[in-house]
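# Reading the structure
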Amino acid sequence: EKEEEDEEEEEEEEEAPNKMPPPRNPTPENYFLGYAVCVKGAGDDEPGPTFLVLDCGDAAAAKEAGEHPTVGCCLLGKHRCAAVFHATAADVQIHPAYDVCTWRCQSDALRQKWRDTCATCTHPDPRRYLPTHVNCVVANEVGFRAGARTLARLECVHGRYFPTPLAHRFPYKPPAQTPKMPPSPHPRRVDGSLCTRVRLRVNEADPDVGVGARESRGIAEADQTTERPEELDIEAVQGETRRLMRDASIAEVEGERFDGNPPAFAHFPELLFLGTGSAEPSRYRGSSAILIKRAAHSTDEGNVLLDAGEGCAGAMKRYLGHDEAQRAIRDLKVLWVSHQHPDHMLGVRGVLASRRPQTSGSGLNPGDVLTIVGPRSLKEWLEESPNPPGLARPWRFVHSASVYAEGFGGGPFRTPQSFPQRQPPPPPPPMPPAMFPPPPMPPPHPGSGSNGYFLPRRADDPPAKKLARQAGLSRFEALPVRHCPEAAAVVLGGGAWQIAYSGDCRPSVELARLARNVDVLIHEATFDDSLADHALRKRHSTTGEALRMARQCGERTQAVLTHFSQRYPRGVGVESVDLDGEGAGAGAPPVTAFDGMRCRLDEVGAVRECMGSVNEMFARYERTRDGEVDEDDVAGAVTLEPEAEEAEEEEKEAGL
């Protein structure tokens, strides 16, 4: 027996190196601090410049970053980097624990390393080979400036549905002159991640420079003067737009201006489009995200976020302001992710990081839990990249397949047979027979419904009903759609309203049946009808297909088009759409969503009425540019996707 035990121990020792280590818990000693990135050099085996990105969420993370060996090596070690981009929050950057990362206060060890470098470097300014520190957290620095100009032009048509946020009117402006070099031994510092051009280049081969140049991984050159981006001047943009509208006899809609607060008597939630683009963010459109803000008078309903593309938390702060964005994220009850593509789920981590823990007097409940509904891959990603302790409030995951509407979850509609399917988990072992009879069921606990009456809580409620009750909604049902594995659409509603959201998909008869007579159908329209074959190949929808879907939902259903290909920087044309022989001229044009567009659910029809003026304004603007195209417009006017460009190049080569 002893020999057998020894053999088993030896086998375990042999198998131990091949076993995967258990996942580590998200303790303060193990969470995200940043990135160390090396750019590929000219040759396959030749490394290029390196740079460091730091994003510390609190003082504990700042202290750990200062003691991290990789950070020390990149700042003043054997592999010195060219630049350090500080994405750390402003209140953490000023903490003494972060001084090591910014070099504002050098330790004795850093001073000694600096002396050793200066002693071996013959260059007249050894600080040339120190990393350039770029502060990426600058107050009122506006991203998506081309999109901000578009929103400013739209505000000239209707100020309530396309309000220009305050941050756009007072943007950060870089200095007119190059900042002076700080006193030695401090490195160069530059403010502004979006208003600064940083070039990374490899050091020249100069044997006389010394070890300081040979060991550093590149040099960073920052420029805020000669290559300044175009200033964001909202007043000038709107003055030009109003002049064009007067010349073209386009009337500005006279009505109540948006003051940032919805009417107190409103019984409908507000829609805020945070991102309306596809694939990846462009200068005009961000990644997909739609915020459903609860009605002003409602205390039961919570906010719902439909998809969370990259940068959606920043878009909330940009369009709502810091305080209102924090309240919107605080009141978030459900975060719906339609499928596993990055442009629909990369912003989930940013939303979680914005859910700060309870502070005294804030009125927040530390037990509030954010319900995240989505595909299995989203859960795996969130678990593999744990949340920073002390920053993110709790969250729970609900698999989107568990909230499929009854009769919509089986057969070929669950997961198309053309996609690989995961094997279902084995069933649990049977429970042993009970020795005693089960205790009686407790009386139902009253829960407040969205209409003000009490709904009994039943243990046999399906997951979709439980989820709706937790969010203060009357309906929350999903169904699978054809796009990628586990892609799904959703229909949700409160006491007097219902919304359907398609996500990314091909037209679905089942979605039209589940969304029958909803108030609003938000449907993707990635391509116009001239690229129908493209939409079919990539499992997307065209403008005409999206409008036909809305018609199949019922006469009362209003359509809102979103998720446009970045080849359409300002909107997708509907001139070629033929709805059962009526043509594009039947009725007002459909609602084309833009980043920053916001309206109550009952105002979608009014938004549609002003879309004709929106299209005329943009057409007039395009005709009057006369070749005077700004840099943003040139970069945003994409006409071909990479696959089409490659095909065109292959045809040219074949012709030669």
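Here's what I pulled together on the structure shown here. (Residues numbered from 1 in each chain as written. Predicted model: local features only at pLDDT ≥ 70, side-chain atom pairs only at ≥ 80, totals over all residues. Heavy atoms only, no water.)

### As for the sheet that holds strand β19 (residues 520-524)
Across a sheet, strands are paired by hydrogen bonds formed along the backbone, either parallel or antiparallel in direction. This is how the line gets drawn: Any two strands are treated as partners once DSSP identifies two or more bridges connecting them. The numbering of helices and of strands both runs from the N terminus, where a helix is a DSSP run of H or I of at least 4 residues and a strand a run of E of at least 2. Contacts were defined at the residue level, with two residues in contact if any of their heavy atoms lie within 4.5 Å. Throughout, an axis means a line fitted to C-alpha atoms (over the contacting stretch in the case of helices), and angles, computed between N-to-C directions, take values from 0 to 180 degrees.
Taken together, 6 strands build an open sheet; the order of strands is β16-β17-β18-β19-β20-β21 and the sheet is mixed. The strands lining the two open edges of the sheet, one partner per strand, are β16 (475-480) and β21 (591-592). Relative to strand β20 (residues 558-562), β19 is paired through 5 bridges, and the arrangement is parallel. For E524, the partnering residue across the bridge sits in β20 and is T562. Sheet strands in contact with helix α19 (residues 543-553) are β19 and β20, and its direction is about 155° off that of β19.

### Structural notes on the nonpolar core
Threshold: Nonpolar cores are built from buried Ala, Val, Leu, Ile, Met, Phe, Trp, Tyr and Cys residues. Side-chain atoms within 4.5 Å join them into one set. Each residue's exposure class comes from its accessible area (1.4 Å probe, protein chains only) as a fraction of the maximum for that residue type: buried when under 20%, exposed when over 50%, partly exposed otherwise.
Judged by nonpolar contacts, the single largest core of 77 residues is most densely connected at L274, L305 and V348. Considering every element that reaches this core, the biggest residue donor is helix α11 (residues 312-320), with 6 residues. Other than its neighbours up to four places away in sequence, L274 contacts A289, L291, L305, C312, A315, M316, Y319 and D595. Formed by 25 residues, the second largest nonpolar core is a distinct cluster that contains A487, V491, L511 and A550.

### Some words on the pattern of salt bridges
Heads up, the rule is: Salt-bridge detection follows one rule: a side-chain nitrogen of Lys or Arg within 4 Å of a carboxyl oxygen of Asp or Glu.
Under the counting rule described, the total for this entry stands at 16 salt bridges. Linking R169 and E235 is a salt bridge whose minimum nitrogen-to-oxygen distance equals 2.9 Å. Taken together, the residues span a long stretch of sequence, with R169 in helix α8 (residues 166-169) and E235 in helix α10 (residues 234-247) at a distance of 66 residues. Owing to a relative accessible area of 28%, R169 belongs among the partly exposed residues under this scheme. The exposure class of E235 is exposed, given its relative accessible area of 53%. Of the charged contacts, one joins R600 and E603 as a salt bridge, the two residues approaching to 3.2 Å between their closest N and O atoms. When its relative accessible area of 10% is taken as the criterion, E603 is described as buried. Each of R160, R600, D602 and E603 takes part in salt bridges that share partners, so that together they form one network.

### Describing the sheet that holds strand β22 (residues 598-600)
Taken in spatial order, the 7 strands line up as β13-β12-β11-β10-β9-β8-β22 in an open sheet, and their pairing is mixed. Each edge of the open sheet carries a strand with a single partner, namely β13 (395-399) and β22. Averaged over all pairs of adjacent strands, the angle between strand axes in this sheet comes to 20°, irrespective of strand direction. Relative to β22, strand β8 (residues 270-275) runs antiparallel, the two being bridged by 3 bridges. Counterpart to L272 in the pairing with β22 is R598. Across the sheet, α11 touches β8, β9 (289-293), β10 (303-308) and β22, and the angle it forms with β8 is around 125°. Packed onto the sheet, helix α15 (residues 376-384) meets β12 (370-374) and β13 and runs at close to 155° relative to β13.

### Structural notes on α11
Across the 9 residues that make up α11, a large majority, 7, are buried. Regarding α11, the residues found buried are C312, A313, A315, M316, R318, Y319 and L320. With its phi angle positive at about 90°, G321 sits one or two positions after the end of α11.

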